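Chain and residue survey
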Amino acid sequence: MDLLSITDLSRDDIMGIINRALEFKKMKKQPQILDGKFIVTAFFEPSTRTKLSFHRAIKGLGGKVIDFIASVSAIQKGETDIDTLLTLEAMDIDAFVVRVRRNGAPMEWKNYVKVPIINGGDGTNQHPTQALLDLTTMYEHFGRLDLKVAIVGDILHSRVANSLTQGLLMFGGKVRFCGPKEFVPARYDGVELITDSLEEALDGVDVVYALRVQKERIEKLPINIDEFFRRYQINHKTIKMAPEHAVLMHPGPFNRNIEVSDNIVYSERSLILQQVKNGVYSRMAVLERVVGS
Amino acid sequence: MDLLSITDLSRDDIMGIINRALEFKKMKKQPQILDGKFIVTAFFEPSTRTKLSFHRAIKGLGGKVIDFIASVSAIQKGETDIDTLLTLEAMDIDAFVVRVRRNGAPMEWKNYVKVPIINGGDGTNQHPTQALLDLTTMYEHFGRLDLKVAIVGDILHSRVANSLTQGLLMFGGKVRFCGPKEFVPARYDGVELITDSLEEALDGVDVVYALRVQKERIEKLPINIDEFFRRYQINHKTIKMAPEHAVLMHPGPFNRNIEVSDNIVYSERSLILQQVKNGVYSRMAVLERVVGS
Amino acid sequence: MDLLSITDLSRDDIMGIINRALEFKKMKKQPQILDGKFIVTAFFEPSTRTKLSFHRAIKGLGGKVIDFIASVSAIQKGETDIDTLLTLEAMDIDAFVVRVRRNGAPMEWKNYVKVPIINGGDGTNQHPTQALLDLTTMYEHFGRLDLKVAIVGDILHSRVANSLTQGLLMFGGKVRFCGPKEFVPARYDGVELITDSLEEALDGVDVVYALRVQKERIEKLPINIDEFFRRYQINHKTIKMAPEHAVLMHPGPFNRNIEVSDNIVYSERSLILQQVKNGVYSRMAVLERVVGS
């Protein structure tokens, strides 16, 4: 069993993972379900946050990590991705966690690789474990998932936005996209609002979900950077457009004082560090499901 | 006890390692022989395949890895190799696995280092664990080692060819070298044929052993690259020069469509992934012998 | 409980760590005090020696390591140090070991981070575990710490010199600084002698503690490099300025034939490798104190 896309999972699957994640979170020591198992983390694109979260989860369940680091590898000698994976698989390992720049690569690799693959992010396409940790965090906070969520920022280039939106829609969530028109798709099935007005997007929401925005991309916009900040940065002023009960989320790593202000990220309204924490436990739940089965 | 060169081992030693490797391979979980042991992997030359295979083997036997990464180390601050090893040894570790560019360096280091050293490849000289995994794979497939083996490619620059040839000759194997004359030695004790004709080399063999060839080296040959492919690439056409029972082996990482064709590497005749798998288990057998004793 | 500076510890604390380190050193297998614990090594400045010593110590006590490598991390994406640490802390880890270029950074981080921080070296400020391993080595050799110690080299830029001096002074040690005036402070509370004469500095000492000297810094001195060697290099000739019972120490990595001669570093008078060995065990004692409590 793999986890390539959030849409591989049913509502029941997702609720099972969320509940199991919250169980794991409460335990002082988790059961050593992965004892004797070897998980390869193969991040063809650098990522510390997601990789170390997986390492923490794997080791917390008693599993062993084989960390393939692309930059010092045979890839530099001309080996293809799939040859690398088949070679690593031949070392009698139990699953892969992959990260890759090319959209859809993990889905292609499944035609060749027999052990389970967990997609740790492919290009602008999918990041299912991020969606699961986000849903876990929302469910933990609100006790339900049919929430109103405004996703703000560079949505077009975001696998996080894509996976999260698909997940929320499965549970009857209302999703809104907000950003300059260069950053949002013209349309997206099931999304109730696509707008360049933050005020409109944040009206009545439960969650303000800010995305990381690359400064270089802002600089290419027709508006100047100060106007971008004024219109789209989430800070103590702009968050007042949302109801008082609304929370701030962000997948990290964030750019302080770009898409979010310095002083709001660790404020009481922010669930950002809870997302990181739940990342460990929802990945444990995914690993149990994918490798334990 | 060290493993610096394949010639450190007797026939009995090698057969012991092969049989133990095949035993380890059958076990669902290997005995935790290395519990409480610390093995340092010190790869002064980058290598993913060999290093991760050792990590898999060490951890599979319950040992712990200390991974010394040269590129971010004190070496950049001017420390010599031997000072690095003596420093790591002083941390109360149980063995080294080393990889280094300079021929003979591990043999020199033995004058200073007290814990066992396993040579994971030194320059163009020795790669004994590669030879052991190759012999294990041949023995597993054929049930014997007095085989006819054609090694094809850049033999002059290959520690793999050197160690494997020495190993095969100990068991009465018949070894042939094949490549353009710039790639083969003028003579080599015990080798029955050194030729630039693939047809001649593959006639009647049991194993076609293709070596990785660097494109830059091909480009320096007097023949052009298309002629190189036509004359030396192992593909579905050229492998017909060998008997039907002959198998293809390669130490990896391979260059698709350079020394081997894309479609032959994972064909039924190819033992390439079996080599990788047996690499883990023959390294376990080596570790047991070197560290367990 | 943290370990940010050697001055965080009382004399009793230090003697407790030294005695426990020497106990750990005698054990064939140390108690698995860190079972189920996760320690993050976050070295924002590269260091192999200190990091691997901590890895050895953590794993030797049964703990698990999460190794944050700054160069391939979100830091390159603009994340600040403190955001990185808060993110890692949110992954439910038990302590940090940090190394950083900026003086005082670990002390600042303590205002944000709740889990213990062990300072693995900040700029030219503090390196408390180095001081502890040095004191352990001196105590093991001499049975007391009210020793006469000459520190020779680039003292101004050395956190090692700073922490060690503070530690020795707590035990009534007599500390002398020696180097060209560009390398030594004009004054330092409690230090009995600051001199540019090696002969004067080494007269009657128990320990000659040589510091690593960067060649580029020597080249900026008004004296030429040969004169630097003649006046400050510790070698078989210059060490005769010290009594026969005096020992040589160095924090490593050393520059052979710069601040110390090639042939003296592994001589009988040298405790350099004992320092490395005691580094593992004094770090175990620190980890037990910091994380076990």
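Residues numbered from 1 in each chain as written. Chains lettered and ligands numbered in written order. Predicted model: local features only at pLDDT ≥ 70, side-chain atom pairs only at ≥ 80, totals over all residues. Heavy atoms only, no water.

A word on unusual backbone geometry
- Residue Pro253 of chain A is bonded to the preceding Gly252 of chain A through a cis peptide linkage, with omega at -15 degrees.
- You can see Pro253 of chain A is positioned in the loop between strand E9 (247-249) and helix H10 (272-291).
- Backbone geometry at Asp92 of chain B places phi at a positive 60 degrees, although glycine is not the residue there.
- Topologically, Asp92 of chain B is positioned in the loop between helix H3 (81-90) and strand E3 (95-100). (Helix = DSSP H or I, 4+ residues; strand = E, 2+ residues; numbered from the N terminus.)

Some points on the side chain of Thr137 of chain B
All names here are of chain B.
- Position of Thr137 among the secondary structure elements: in helix H5 (residues 128-142).
- For Thr137, a relative accessible area of 2% translates into the label buried.
- Reaching out from Thr137, the side chain makes a polar contact with the side chain of Asn278 at a distance of 3.0 Å.
- If sequence neighbours within four positions are ignored, Thr137 has contacts with Met249, Leu271, Gln274, Gln275 and Asn278. (Buried < 20%, exposed > 50% of the residue type's maximum accessible area, 1.4 Å probe, protein only. Polar contact = N/O pair within 3.5 Å; in protein donor to acceptor, adjacent residues only side chain to side chain. Contact = heavy atoms within 4.5 Å.)

Here's the deal with helix H6 (residues 159-170) of chain A
Residues and elements named next belong to chain A.
- End to end, H6 covers 17 Å across twelve residues, agreeing with the expected 16 Å (1.5 Å per residue, within 8%).
- Most of H6 is tucked away: nine of the twelve residues are buried.
- Along H6, the residues that are buried comprise Arg159, Val160, Ala161, Asn162, Ser163, Leu164, Thr165, Gly167 and Leu168.
- On its buried face, H6 sits against strand E3 (95-100), strand E4 (117-122), helix H5 (128-142), strand E5 (148-152), strand E6 (174-178) and strand E8 (207-210).
- Of the residues that open H6, the one with a side-chain oxygen 3.3 Å from the backbone nitrogen of Val160 is Ser158.
- In the stretch just after H6, Gly172 is the one whose phi turns positive, near 75 degrees. (Expected span 1.5 Å × (residues − 1).)

Quick look at the domain arrangement of chain A
Residues and elements named next belong to chain A.
- Under the domain assignment, chain A is made up of domain 1 (6-126 + 276-291) and domain 2 (128-272).
- Relative placement of domain 1 and domain 2: their C-alpha centres are 26 Å apart.
- Facing the 32 residues of domain 1 at the interface are 26 residues of domain 2.
- For the pair domain 1 and domain 2, the summed buried surface comes to about 2,400 Å²; carbon and sulfur atoms form 63% of the total.
- The interface formed by domain 1 and domain 2 holds two salt bridges in total.
- The partner of Lys25 in a salt bridge is Glu140, with the nearest N and O atoms 2.7 Å apart.
- For the interface between domain 1 and domain 2, the tally reads eleven residue pairs in polar contact (both at pLDDT 80 or more).
- When residues of the side of domain 1 that touches domain 2 are traced back to their parent elements, those giving at least two are helix H1 (11-26), helix H2 (49-60), E3, E4 and H10. (Domains from an automatic or database assignment. Buried area = accessible area lost by both parts, 1.4 Å probe. Salt bridge = Lys/Arg side-chain N within 4 Å of Asp/Glu carboxyl O.)

Quick word on the relation of the copies chain B and chain A
- Rotating chain B by 120 degrees about the axis while translating it 0.0 Å along that axis superimposes it on chain A, leaving an RMSD of 0.0 Å. On this basis, the relationship between the two copies can be described by a three-fold rotation axis. If distances are taken from each C-alpha of chain B to the rotation axis, the shortest is found for Lys64 of chain B, at 6.2 Å. (Least-squares fit on C-alpha atoms with pLDDT ≥ 70 in both.)

Details of the pattern of salt bridges
Residues and elements named next belong to chain B.
- Inspection of the entire model under this criterion finds 66 salt bridges over all chains.
- Put simply, Glu23 and Arg20 hold a salt bridge, and the shortest N to O gap is 2.9 Å. Residue Glu23 and its partner Arg20 are located together in helix H1 (residues 11-26), separated by three residues, close to a single helical turn.
- Note that Arg231 and Asp196 form a salt bridge whose closest N and O atoms lie 3.7 Å from each other.

Describing the interface of chain B and chain A
- The partner chain A presents 23 residues to the 24 residues of chain B that form the contact.
- Counting the surface chain B buries against chain A, the share from its top three residues, Leu52, Arg56 and Lys59 of chain B, is 26%.
- At the boundary of chain B and chain A, one finds three salt bridges.
- Across the salt bridge formed by Lys29 of chain B and Asp35 of chain A, the nearest N and O atoms sit 3.3 Å from each other.

What to know about the interface of chain A and chain C
- Contact residues are listed per partner, giving 24 residues for chain A and 23 residues for chain C.
- When chain A packs against chain C, close to 2,000 Å² is buried across both sides, 56% of that on carbon and sulfur atoms.
- Taken as a group, Leu52, Arg56 and Lys59 of chain A account for 26% of the area that chain A buries against chain C, more than any other trio of residues on that side.
- Scanning the region where chain A abuts chain C turns up three salt bridges.
- Here Lys277 of chain A ties to Asp92 of chain C by a salt bridge, and the two come within 2.5 Å at their closest N and O atoms.
- Across the contact surface, chain A and chain C share ten residue pairs in polar contact (both at pLDDT 80 or more).
- Every element with two or more residues in the side of chain A that touches chain C is listed here: H2 and H10 of chain A.
- Here the side of chain A that touches chain C gets seven residues from one element, more than from any other, and that element is H2 of chain A.
- Each residue belonging to the side of chain A that touches chain C can be placed in one class, and the counts come to nine nonpolar, eight polar and seven charged. (Nonpolar A, V, L, I, M, F, W, Y, C, P; charged D, E, K, R; others polar.)

A word on the sheet that holds strand E4 (residues 117-122) of chain B
All names here are of chain B.
- Judged by pairing direction, the sheet is parallel, and its four strands sit side by side in the order E2-E1-E3-E4 without closing on themselves. The open sheet terminates on both sides in strands that have one partner only, identified here as strand E2 (64-69) and E4. The average angle at which neighbouring strand axes cross in this sheet is 15 degrees, direction not considered.
- Relative to E3, strand E1 (residues 38-43) is paired through five bridges, and the arrangement is parallel. If you follow Ile39 over to E3, its bridge partner there is Ala95.
- Together, E1, E2 and E3 form the strand contacts of H3, whose direction differs from that of E3 by roughly 160 degrees. (Pairing = 2+ DSSP bridges. Axes fitted to C-alpha atoms, helices over the stretch in contact; angles between N-to-C directions.)

Some thoughts on the packing of H2 of chain A against H10 of chain A
Residues and elements named next belong to chain A.
- Put simply, H2 and H10 touch, their axes get as near as 8 Å, and they point 55 degrees apart. Taken together, H2 and H10 sit at an angle that is classed as oblique. Two packed elements cross with a definite hand, and for H2 against H10 that hand is right-handed. On H10, the residues touching Arg49, Thr50, Ser53, Phe54, Arg56, Ala57, Ile58 and Gly60 of H2 are Val276, Gly279, Val280, Tyr281, Arg283, Met284 and Leu287. (Parallel < 35°, antiparallel > 145°, perpendicular 65-115°, else oblique. Left-handed = near helix turned anticlockwise from the far one by under 90°.)

What to know about the packing of aromatic side chains
- Across all of its chains, the model carries 21 aromatic pairs over all chains by this definition.
- For the pair Phe183 of chain C and Phe228 of chain C, a centre-to-centre distance of 6.2 Å together with 70 degrees between the ring planes defines the contact as edge-to-face. Taken together, the residues Phe183 of chain C in the loop between strand E6 (174-178) and strand E7 (193-195) and Phe228 of chain C in helix H9 (residues 225-232) connect sequence positions 45 residues apart.
- Classification of Phe183 of chain C as buried rests on a relative accessible area of 2%.
- A connected cluster of aromatic rings, assembled from ring pairs, spans Phe183, Phe228, Phe229 and Tyr232 of chain A.
- Directly above the aromatic system of Phe38 of chain B lies the positively charged group of Arg56 of chain C, at a separation of 3.8 Å from the ring centroid.
- Seen from the ring of Phe54 of chain C, Arg283 of chain C lies directly overhead, with NZ or CZ sitting 4.9 Å from the centre. (Phe/Tyr/Trp six-rings, centres within 6.5 Å; stacked < 30°, edge-to-face > 60°. Lys NZ or Arg CZ within 6 Å of the ring centre and 35° of its normal.)

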